[in-house]
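Structural description and commentary
Below, each chain spelled out in residue letters.
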Amino acid sequence: MEFSVLKSDILKYLNMIAPLAQSYKGNKTILKNVLMDLDEDRLRLVSANDESEMMVDIPSSLLQVTEYGKAAVPAASLNSICKSDSGRKVAPDDDRIYFAVDTIVGKLTATHGSNQYEINTFDANLYPNMTKVDSRVAFDITQGELSDILSATAFAMASDDVRHFLNGLNVTLKSKRLHCVASDSHRLSFYSMDLLNEEDDEKTASVIIAKNGINALRKLIAADDSSITVTLGQTYAKFTTGSFTFVTKLIDDKCIDGDHVFPNEKQIKAKIKIDRESWIAAVKSAQVLLTAEDKGKMIVDIKDQMMILKTRNASQEASSCTLPLPECDCQDLHFAINGLYLTSVLECLSCKDVLFCLTDKSSVIEPIENNNYCSEKFIIMLVQL
């Protein structure tokens, strides 16, 4: 394999996939490498760990090719070479890196200006291939819509919980309605939206996408109107755009039923409309003396159209903040809630006002401006007084 490419071009694609291999901490040495697969149409770069695989194609129009081939190259070394200074001043559109791979001796030689590097390569045939996903259902949404879904839900996913269904994003497709749920058992986020461009009414699927895969996906997608195809298989989910393909493992467990996790009207004892930004400011003000060890516990009293937020740290230092509630006509209330969880929910919303509903054991928060196209709701469990 022998080719050259502009430094800026290969860095654009390498920056997308190299972190997946560089962050791998397991014992499979091959997964610390990037697979470089060059043919007449493109240079394919592949990066993977035990849970996910990332693939990007550099089109042949950006390459000057002498010989085709493929090899597995250490991700950290390749990334360092491509970021190195060439040692000479050249225009960005003339700053090329020349690569040559000798598969017999297992070496890649990279020449960049006056610099030359020689690093080990590995047998490309040893590299795993997860991109062939057995499709159960597939649908298209925009990257912006997917970004909104993940912003509203991903923060609530658990880590290493023995209840495996909590360690990822629960995704359910019912006809043309997509439901996404995440929870760590202390809080729950729910996002639902219509797939407006979907014509098939019969598509149904329920999967749980692992947290590590969701976090990696969030770094890849753009908040714009470009399309992304989501394919849900038996053991993997695949996300495909014009720039990349990302495959990640599914968790084998039963999904959370987002339609039946919220309290009914009989269980709700108070509903209060609150200005979101004012509430965020009040909660943060009440928590200024708290440390991580204090775990965000906040006492809340609601009376006389006022919300009083009180906190006390381990050193017995106290804070109190009062928030006017001009539209509150409920009875006096006294409860405790995790202020950190409350802030995380309020900050992922973009609406002006929220509806705060209270039960004996939990609270429900949702934007006033929810519509039929998409809706989001959140549960935060109350803290024992």
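A short tour of the structure in this document, coming up. (Residues numbered from 1 in each chain as written. Predicted model: local features only at pLDDT ≥ 70, side-chain atom pairs only at ≥ 80, totals over all residues. Heavy atoms only, no water.)

In the structure shown here, the tally under the stated rule is six aromatic pairs. Arranged with centres 5.7 Å apart and planes meeting at 75°, the rings of F190 and F262 form a pair that is edge-to-face. With F190 in strand β13 (residues 187-194) and F262 in the loop between β17 (244-249) and β18 (270-275), this pair connects stretches of sequence that are 72 residues apart. Residue classification places F190 among the buried residues on the basis of a relative accessible area of 7%. (Phe/Tyr/Trp six-rings, centres within 6.5 Å; stacked < 30°, edge-to-face > 60°. Helix = DSSP H or I, 4+ residues; strand = E, 2+ residues; numbered from the N terminus. Buried < 20%, exposed > 50% of the residue type's maximum accessible area, 1.4 Å probe, protein only.)

Below, the discussion takes up the pattern of salt bridges. What the rule picks out here adds up to 16 salt bridges. Its salt-bridge partner being K310, residue D301 comes within 3.7 Å of it at the nearest N-O pair. What makes K310 partly exposed here is its relative accessible area of 37%. One salt bridge in this structure joins K352 and D353, with 3.6 Å as the shortest N-O distance. When its relative accessible area of 53% is taken as the criterion, K352 is described as exposed. A relative accessible area of 12% means that D353 is categorised as buried. Through salt bridges with shared partners, one network takes in K273, D275, E327, K352 and D353. (Salt bridge = Lys/Arg side-chain N within 4 Å of Asp/Glu carboxyl O.)

Along the chain, Y341 falls in helix α6 (residues 339-348). For the pair formed by Y341 and S4, sequence separation is 337 residues and the distance between their alpha carbons is 50 Å. The contact partners of Y341, leaving out residues within four places of it in the chain, are D184, H186, R187 and I380. (Contact = heavy atoms within 4.5 Å.)

What follows covers the sheet that holds strand β1 (residues 2-6). One key point about sheets: their strands pair by backbone hydrogen bonds, in either a parallel or an antiparallel sense. As summarised here, the arrangement of the five strands in space is β5-β1-β7-β8-β9, forming an open sheet in which the pairing is antiparallel. Two strands in the sheet have a free side with no partner beyond their single neighbour: β5 (63-67) and β9 (115-120). With direction set aside, neighbouring strand axes in the sheet form an average angle of 15°. Note: β1 against strand β7 (residues 96-102), five bridges, orientation antiparallel. From the neighbouring strand, F3 faces β7, where its bridge partner is F99. Helix α1 (residues 7-22) contacts β1, β7 and β8 (107-112) of the sheet and is inclined by roughly 90° relative to β1. (Pairing = 2+ DSSP bridges. Axes fitted to C-alpha atoms, helices over the stretch in contact; angles between N-to-C directions.)

Its volume calculated, the largest pocket comes out at about 400 Å³. Around the largest pocket, the lining comprises 17 residues; the ones closest to its centre are P19, L20, S23, A216 and K219. Secondary structure elements with two or more residues in the lining of the largest pocket: α1, β4 (52-59) and α4 (211-220). Of the residues forming the lining of the largest pocket, the biggest block, six residues, is contributed by α4. Grouping the constituent residues of the lining of the largest pocket by class yields eight nonpolar, seven polar and two charged. (1 Å grid on protein atoms, 1.4 Å probe; cavity = no way out; pocket = protein on both sides within 12 Å on 5 of 7 lines; lining within 4 Å. Points joined across faces, edges and corners; volume = space filled by probe spheres on them. Nonpolar A, V, L, I, M, F, W, Y, C, P; charged D, E, K, R; others polar.)

Geometric descriptors of this kind do not, in isolation, establish any biological role.
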